[in-house]
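If you want the building blocks of each chain, they are given just below.
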Amino acid sequence: MSNKITGAEALIRGLIAEDVNLVFGYPGGYIIPVFDKLYDYTDRITNILTRHEQGAMHAAQGYARTSHRPGVVIVTSGPAATNLITGLSDAMMDSTPLVVITGQAPSSMLGTDAFQETDVMGITQPITKWSYQIRHAKDVEWALSRAFHIATTGRPGPVVLDFTKDAQIELTESSYSRCRFIRSYISRPEVADVEVQRLADMINSARRPLILAGQGITISEAEQQLTALAEKADIPVAATLLGLSAMPSDHPLFMGMLGMHGNIAPNIATNHADLIVAIGMRFDDRVTGDVRRYAPQAKIAHIDIDEAEFNKNVKAHATVHGDAAEVLTRLLPLINKARHAEWVDSFSTHAEVEHNEVMQAAAFGTDPDAPATMGETARKVSEAAGHGAILVTDVGQNQMLSARYFRYTAPRSIITSGGLGTMGFGLPAAIGAKMGAPDRPVCLFTGDGGLQMTIQELGTIMQYGTDVKIILLNNNFLGNVRQWQALFFNNRFSQTPLLNPDFVTLAKSYGIPAEDVPTRAHLDDAIHRMIHHQGSYLLNVNIDPADMVFPMTPVGQAVDYIMLDHERVYTPAGNDSPLHP
C-alpha cells in the first residue's frame, strides 16, 4: 500500500506543520483539489470565505499585523490571482508577511492562453519578496517551507506560490521540515560593533536629539528597548503613521505623529534637531516633505534591517544594519544617562498651539445641533473603549483623523494602509485584525467612499459573527480629494460628491445592528450602545463635508510649513501667516 499523498494534501499538511490554523480563501476551478483536501482537515485549519479575493488579502494583512503570524491566502487562477495584486503591493510596501497560494492551469497548458490562465509569475515578481511556480508535487514542501521563511524573516513581506492543477493531484512522498536557512538569503544581518559605537557616540554628544519610530519597532517587537533608550538619554520620540502604538500615547517623551498631517511639535522639531535617530522607517515623502529642506541642522542616523533603505531618500551620516531589537539592546549599555530638559520642554509650546488652534475645533465641538466632527468622533470612541482598542482605518480623512485622535496603550494597536494608501483596505483588514486578536476590541474608521469599495465583506462578518465596531464618517464625498480640491483647486469638486445608499438599512440586511448619528447631541449615547453591544455594530456618523484634516504640510513644502486651517500657516516662531499655496 502506497504512503504517497497528493500535492494538494502535501500543501495542507505543510500549512499545519507551520502552525497555520486560519486561512483566507476563495475557491475556483484550478484550486479545487486544495479546497477538497482542506475538507478533510477542517478540525485543524479554518478557511475564512471572504466575498472577494482582494478582501481575503486585506483580511490576511490585518490578521498578520495583530497576531504577529503570517497571513495565508488561497485562491484560484486568472481573475482570482489578478484580484490579489492590490493586496500584494500593499503588503510589500508595509512589510506585512503573507504566504499566498494561487491555482494555475495544468503545466501542459501553460502558455496556451488556456481558460483562466494568467502569467502570475510575471505579474507578481516585482511586488513580492519571492514568487515561485510549483509544477511538480515533489516540490510542494520545499517551496512552502521557503515561502514561510522568506515571508517572515528579515524585512517581512508577501510571497506567492503559483500551484499548477496537475501538481495538486500528482502523488508524492511527504516529509515536511521547516526551512531555517537559505544560502543566498541573509535574513538577519550581523550587527557591526563599530556601527553601534558610532551611533552611541552621536547620541551621547547630541544636545537636541529626536527619535523617529517606524513600524520596524513593532515588527521587531522592540517597544521596550525604544522606551528604555528614550528614557535613559531623555530623547523625545515621534512616530510615523505605521509606527504609532510603538510607545504609549501618554508617555511624557512621546510627542506624536510625524508627517503631512502629523502633530506640529515633532514636525517643527525635525528641522531644529541636531541629531535624528530613525528606527525602522524609510523616510517616506509624506514624512519628510521637501527633502531638500529636511532636517537641515541634524545629523541623520538610520537603523534598519533593510540596507536598501539607507540613503534612498535622505542622506544618512551613520547607518546600523540590523534588527531593531538587537541593535537597541546592544546600544543601550553604551548610552550615557542624560537630560535634555530645555529641548524636551520646547515641544510643549507647539503642542499648546495645536490644542488651541486646531484641536479645539477638530475634536471638541460644542454645538449640539451640528454634525459631529471626525476628530471628536475618534477621540470619544477611543475614550469609550478605554484606549485599549485596535484601531483599523480605511484611507483618507478618516485615516488621518482617527490616527491622530485615537490613544494607544499597547503595541500593535493601529492597522492601516500606509505606503500604498489603499481605499477599501479597512473593512476586510478589521475582520482579519479581530481574528488575529480575538480578545481585543477592534474599531474600524472608514469613509463612505472606501467602505463601498469592499462593502461586500459585510457578508463575511455576517457568516462568521466577527465583532467589529464600524464607525462610518459619512460626508457624502470622497473627502480627502475634496479637501485638496477646496484648498488648491478653487473648490472645483470634480467627481467627488457621492450619492450613497442607506448604510443603516444595508448593514441591517447583513444582520449587523446599525444606527444613524445625525448630530453631535446623539454621538455619546450611540458610541456607548456600540461599544457595549456584544457583536458587530455600525454607526453612520453624519459629517459636514467642509470638515478637514489639519494641521497639514502641503506636497512640496518643508516639513515645518504647517497649515493650521485653510487660511493660516504656523511658523516656527509661533506667528501665524497668511496661506500662500
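A brief look at the structure comes next.

Procedures and definitions
Residues numbered from 1 in each chain as written. Predicted model: local features only at pLDDT ≥ 70, side-chain atom pairs only at ≥ 80, totals over all residues. Heavy atoms only, no water. 1 Å grid on protein atoms, 1.4 Å probe; cavity = no way out; pocket = protein on both sides within 12 Å on 5 of 7 lines; lining within 4 Å. Points joined across faces, edges and corners; volume = space filled by probe spheres on them. Helix = DSSP H or I, 4+ residues; strand = E, 2+ residues; numbered from the N terminus. Core = buried A, V, L, I, M, F, W, Y, C linked by side-chain atoms within 4.5 Å. Buried < 20%, exposed > 50% of the residue type's maximum accessible area, 1.4 Å probe, protein only. Contact = heavy atoms within 4.5 Å. Expected span 1.5 Å × (residues − 1).

Before going further, it helps to examine the layout of surface pockets. For the second largest pocket, the calculated volume is near 420 Å³. In this structure, the second largest pocket is lined by 23 residues; those nearest its centre are F254, M255, G256, N263 and R407. Among the elements of the structure, strand 11 (254-257), helix 15 (341-363) and helix 17 (397-405) are those that each provide at least two residues to the lining of the second largest pocket.

A few words now on the nonpolar core. Core analysis: the largest hydrophobic core is formed by 110 residues, its most contacted members being I203 and L226. Sort the elements by how many residues they give to this core and helix 15 lands first, with eight residues. For I203, the residues in contact, after removing those within four places along its chain, are L229, A233, I235, L275, V277, L331 and I335. Counting residues in each nonpolar core, the second largest holds 47 residues, with F24, I415, F503 and I512 among its members.

Moving on, we come to the environment of H136. Summarising the element assignment, H136 is placed in the loop between strand 6 (130-134) and helix 7 (140-152). C-alpha of H136 to C-alpha of T288: the two residues are 152 residues apart in sequence and 48 Å apart in space. Those residues in contact with H136 that lie beyond four places of it in its chain are A167 and E170.

Taking 1.5 Å as the rise per residue, helix 7 with 13 residues should run 18 Å; its terminal C-alpha atoms sit 18 Å apart, in good agreement. Of all the 13 residues making up helix 7, ten are buried; the element is thus mostly covered by neighbouring parts of the structure. All of the buried residues along helix 7 are V140, E141, A143, L144, S145, A147, F148, H149, I150 and A151. Of the surrounding secondary structure, the elements contacted by the buried residues of helix 7 are helix 1 (7-17), strand 4 (71-75), strand 5 (98-104), strand 6 and strand 7 (158-164). Just past helix 7, the residue G154 takes up positive phi, approximately 60°.

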